[in-house]
Amino acid sequence: MAAWARWCYRHGLVVLLIWVGGLVGLGFTASAVGTDYANVFTLPDTDSTSANDLMLKAFPERAGDVDSVVWRTDEGSVRDADVRARIEPALAEIARMDGVGEVAGPYAGARGAAQISEDGRIAYAQVTFARQAAEIDKALIEDVIDTAQGAERAGLQVELGGQAIAYIQEPPTGTAELVGIVAAAIVLFVAFGSLFAMLLPIVVAIAGVGSGLLGTMLLSQVTDMPDLGPLLGSLIGLGVGIDYALFIVTRHRRGILRGADPEDSAATALNTSGRAVLFAGGTVCVALAGMLVTNLPFLNGVVVATSLTVVLSVLAAITLLPALLGLLGRRVLSRRQRARLAAAGPEPAEASGLAARWASYVQRRPRSIAAGALAVMAVLALPVLSLRLGATDQGNHQDTTTTRQAYDLLAEGFGPGFNGPLQVVVDGVAPESLITGIRQTEGVAQVAAAPPVNGITVIQVVPATSPQSEETDRLIDRLRDDVVPRAGVEAHVGGVTAVFKDFASVTGERLPLFVATIIALGFLLLMVAFRSLVVPLTAAVMNLIAAAASFGVLVAIFQWGWGTELLGIGKEGPIAAFLPVIMLSLLFGLSMDYQVFLVSRMHEEWVHTKDNARAVRVGLAETSRVINCAALIMICVFGAFVLSGDMEGAMAGVGLAAAVALDAFVLRTALVPAAMHLLGKANWWLPAGLDKRLPHLAVEPSEEPAARGPATGTPGTGTPGTGTPGTGTPVTGESASGTGEPPSGTGESASGTGESASETGEPASGAGESASVITAASSCPAGSP
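Just so it is clear, the structure is predicted and the values come from calculations on it, not from any experiment. (Residues numbered from 1 in each chain as written. Predicted model: local features only at pLDDT ≥ 70, side-chain atom pairs only at ≥ 80, totals over all residues. Heavy atoms only, no water.)

1. A word on the overall build of the protein
Okay, step 1: Summing up its helical and strand segments, the protein has 26 helices and 10 strands in all.
Okay, step 2: Accessible area of the protein: about 29,800 Å², with a carbon and sulfur share of 59%. (Helix = DSSP H or I, 4+ residues; strand = E, 2+ residues; numbered from the N terminus. Areas by Shrake-Rupley, 256 points an atom, 1.4 Å probe, with all protein chains shown as cover.)

This is the structure:
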């Protein structure tokens, strides 16, 4: 890794040109090929899938997207001549537009009469496009909207709904990403105090996410890729891309401040924090791949998009970043830091300040802190008990949008279930007993049976309740469990509402297997890295606590509606059915990152001192700032996705922002270290037989002496590099708590020499396999080292 870092450092311009050329090439190819995103909600072995298969048999050549033009008159009736004189020319003009297949209005015979409400004040027309919504030219959609709404006058309201119309309402692509980047840049500038250092993580993250999104666009041509895939890919890619670069840049800056040559410092940073980034990126991809065990085809594209973006973000961090470090040299430091380094020489690296004081406080009061942290998480997790999975629709849009107003007008004129009709699909001719039974079923508002087509009969059923209502779910169950079996025919209940209900049911059934899979994978990885059974068990419990609390926040905001108006995200409704799987995957991966960053430093200290209290205190003091800094950046990036214009994207952004905040600021900063103080030496227990059989995994090797700067200090001064090589003598100096205790609070490797534990006579259990990811050299600077 160090040799690779040196090559990239010395050939910075070449590496930069390769990345720029690659991005330009990907961009040109993606623009030429285009995208083919497909929201395929296929659910094998479900009733709604069987209904859809029969519908395809009856109507093998489906038309394009069907949208609605809805109007309401405040006085009189929509049948009045003055209303028709404004609406009919507009509908005729829309029908003549290139790309519009058909316009079915309410003024054409008996079929049209059904498109006028009973009170005569609301009517609608169906606009059938020649293509599906994602393929329609936006200029055409804008013409349709302008033409329809041009018929408005005082007392006549015209609104439009449908998937194609919804696309026009979405903010410009990249708005959320841009806001997240700006917020992250502010955090980085405050942390580093240097413009160049601030720009490095941003540039690296943009390169990783940009290449990931362009690659996703190309992959959409060969695999079913939901349009949510690139959104989630950019969300997680920006977060991890900036954070991973932050860890490496912080280590590099610290190395220079300690007197190392910039090239040596970059090589050391890549050989230590760079290896940690590889491990962390791998854990995120493993967690994302865990979604595949749910066997939900819709999620396969999400796994591909997010994993590809994470991989390319890691690649940018270990290639493009050292190249940029080589081009910048010492300018990665602020002018003040460079002047101070030239005047006063290398600086010591002891942990001090608020982080050290907090670590000491946690050591003194572990019970009260653990109890307080648990109480906070328990209160936030309470709403999760009422979690209801489902799907969002245009009824959840902001009330200022035309799609939401069209939705509400249709519900007002034709009943709340009109926006989510069901289809009972019969293989053959539907018997009258089935139609009568459906009509008499509680919760049914309207029933209309169409003549058989290709041997298939479709019965349109309009529920009396909205698509997101629990009563509608119960109606679907009654039709499937009671009405259809009594009729004695092969029939299936389908429609968008039924599909989403089945999706939620399947997700709920497979969620335990998914959770067990990712928890087991995390347990095994941490057990190998830290040679312990208790540490991975603690991490598993903490991950579950963080998940429960973050979903509690989601339920309170999006399902109960607490703060939806403040956030400007529309009307409350059920939580998107696919969100638990996606959020748990991402949360697991990010939590693993923070757990490794925190506990690896504790493990290194434990290997060399066998003092659990000191190991926990020093580990917390030396890593909490960088974890909190990284988490703050993640929160900015995730929180910005409230502006994505997509309800599911907003849910994912808020949920992940809440999860990261709780994980970093409550769990890793308070509950985990408090619990480890209470558990004592049991934290590091591993049966001897198991220890011999487990492979050894060094997440991050010890730093080389060359990267430490001059070893000229004398013991007791707190100057880095004062240990005696080869003897295992700990570094002396001020402890993390500021009490003057002897070893390693200075941020040095516990031996003070860069020697591995196995060379110091330490026990084999974990010796030489130190998994330190972030030492004090990675503490997030607050304007100064």
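2. Observations regarding the packing of aromatic side chains
Okay, step 1: Under the defined criterion, the tally for this structure stands at eight aromatic pairs.
Okay, step 2: Between the aromatic rings of Trp4 and Trp7, the centroid separation amounts to 6.1 Å while the plane-to-plane angle is 15 degrees, which identifies the pairing as stacked. Pair noted here: Trp4 and Trp7 are both in helix H1 (residues 2–10), with a separation of three residues, about one helical turn.
Okay, step 3: Judged by its relative accessible area of 41%, Trp4 is partly exposed.
Okay, step 4: Judged by relative accessible area, Trp7 falls into the partly exposed class, the value being 39%.
Okay, step 5: Within the aromatic cluster, the residues linked to one another by ring pairs are Tyr124, Phe414 and Phe418.
Okay, step 6: Between the NZ or CZ atom of Arg84 and the centre of the ring of Tyr107, over which it lies, the distance is 4.5 Å.
Okay, step 7: Positioned above the aromatic ring of Phe196, the side-chain terminus of Arg331 is 5.7 Å from the ring centre. (Phe/Tyr/Trp six-rings, centres within 6.5 Å; stacked < 30°, edge-to-face > 60°. Buried < 20%, exposed > 50% of the residue type's maximum accessible area, 1.4 Å probe, protein only. Lys NZ or Arg CZ within 6 Å of the ring centre and 35° of its normal.)

3. What to know about the sheet that holds strand E8 (residues 456–463)
In sheet architecture, strand pairing relies on hydrogen bonds along the backbone and comes in two forms, parallel and antiparallel.
Okay, step 1: Strand order across the open sheet formed by four strands is E7-E8-E6-E9, with antiparallel pairing between neighbours. Looking at which strands have only one partner, the edges of the open sheet turn out to be strand E7 (444–449) and strand E9 (491–494). This sheet shows a mean twist of 20 degrees between the axes of neighbouring strands, independent of strand direction.
Okay, step 2: Sheet topology note: the strand E6 (residues 422–427)/E8 ladder contains six bridges and is antiparallel. (Pairing = 2+ DSSP bridges. Axes fitted to C-alpha atoms, helices over the stretch in contact; angles between N-to-C directions.)

4. Structural notes on the environment of Thr319
Okay, step 1: Note that Thr319 resides in the loop between helix H12 (297–318) and helix H13 (320–328).
Okay, step 2: Between the alpha carbons of Thr319 and Leu16 there is a distance of 9.0 Å; along the sequence they are 303 residues apart.
Okay, step 3: In terms of polar contacts, Thr319 uses its side chain to reach the side chain of Trp19, at 3.1 Å. (Polar contact = N/O pair within 3.5 Å; in protein donor to acceptor, adjacent residues only side chain to side chain.)

5. Observations concerning a negative patch on the surface
Okay, step 1: Taken together, Glu93, Asp137, Glu142, Asp143 and Asp146 make up a surface patch of like negative charges.
Okay, step 2: Of all the elements, helix H6 (residues 138–149) adds the most residues to the negative patch, at three residues.
Okay, step 3: For Asp137, the position within the fold is in the loop between strand E3 (122–129) and H6. (Patch = residues over 30% accessible without salt bridge, like charges linked within 9 Å, V, L, I, M, F, W, Y side chains within 5 Å. Salt bridge = Lys/Arg side-chain N within 4 Å of Asp/Glu carboxyl O. Lys, Arg positive; Asp, Glu negative; His and termini not counted. Charge placed at Lys NZ, Arg CZ, Asp CG, Glu CD.)

6. Section: the sheet that holds E3
Okay, step 1: Reading across the sheet, the four strands line up as E2-E3-E1-E4 and stay open at both edges, with antiparallel pairing between neighbours. Both edges of this open sheet fall to strand E2 (100–104) and strand E4 (156–161), since each of them pairs with a single strand only. Taking each pair of neighbouring strands and ignoring which way they run, the sheet shows an average axis angle of 20 degrees.
Okay, step 2: Across seven bridges, the pairing between strand E1 (residues 66–73) and E3 is antiparallel. The partner of Trp71 across the bridge, within E3, is Ala123.
Okay, step 3: Relative to E4, H6 is tilted by about 160 degrees, and along the sheet it contacts E1, E2, E3 and E4.
Okay, step 4: Against the sheet, helix H17 (residues 402–414) contacts E1, E3 and E4, and its axis sits at roughly 110 degrees relative to E4. (Contact = heavy atoms within 4.5 Å.)

7. Details of the confidence of the model for the protein
Okay, step 1: Overall, the predicted model of the protein reaches an average pLDDT of 81, with 85% of residues at or above 70.
Okay, step 2: Note that residues 703–785 has pLDDT below 50 and, in this model, 231 contacts with residues that lie over four places away or in other chains. (pLDDT = per-residue confidence, 0-100.)

8. A look at the nonpolar core
Generally speaking, a soluble globular protein has its nonpolar side chains buried in company with each other.
Okay, step 1: Counting 156 residues, the largest nonpolar core has Tyr244, Met291, Phe558, Tyr594 and Phe638 as the members making the most contacts within it.
Okay, step 2: If one sorts the elements of this core by residue count, helix H25 (residues 647–679) sits on top with 20 residues.
Okay, step 3: Counting residues in each nonpolar core, the second largest holds 31 residues, with Val100, Val127, Ile141 and Ala151 among its members. (Core = buried A, V, L, I, M, F, W, Y, C linked by side-chain atoms within 4.5 Å.)

9. Section: the pattern of salt bridges
Okay, step 1: Overall, the coordinates contain 15 salt bridges when judged by the stated rule.
Okay, step 2: With a closest N to O distance of 3.0 Å, Arg153 and Asp82 form a salt bridge. Separated by 71 residues along the polypeptide, Arg153 in the loop between H6 and E4 and Asp82 in helix H4 (residues 81–95) bring together distant segments of the chain.
Okay, step 3: For Arg153, a relative accessible area of 30% corresponds to the partly exposed category.
Okay, step 4: Residue class for Asp82 comes out partly exposed when judged on its relative accessible area of 43%.
Okay, step 5: With a shortest N-O distance of 3.1 Å, Glu88 and Arg84 are connected by a salt bridge. In this pair, Glu88 and Arg84 both sit in helix H4, four residues apart, roughly one turn of the helix.
Okay, step 6: Glu88 sits in the partly exposed class, given a relative accessible area of 32%.
Okay, step 7: For Arg84, a relative accessible area of 30% translates into the label partly exposed.

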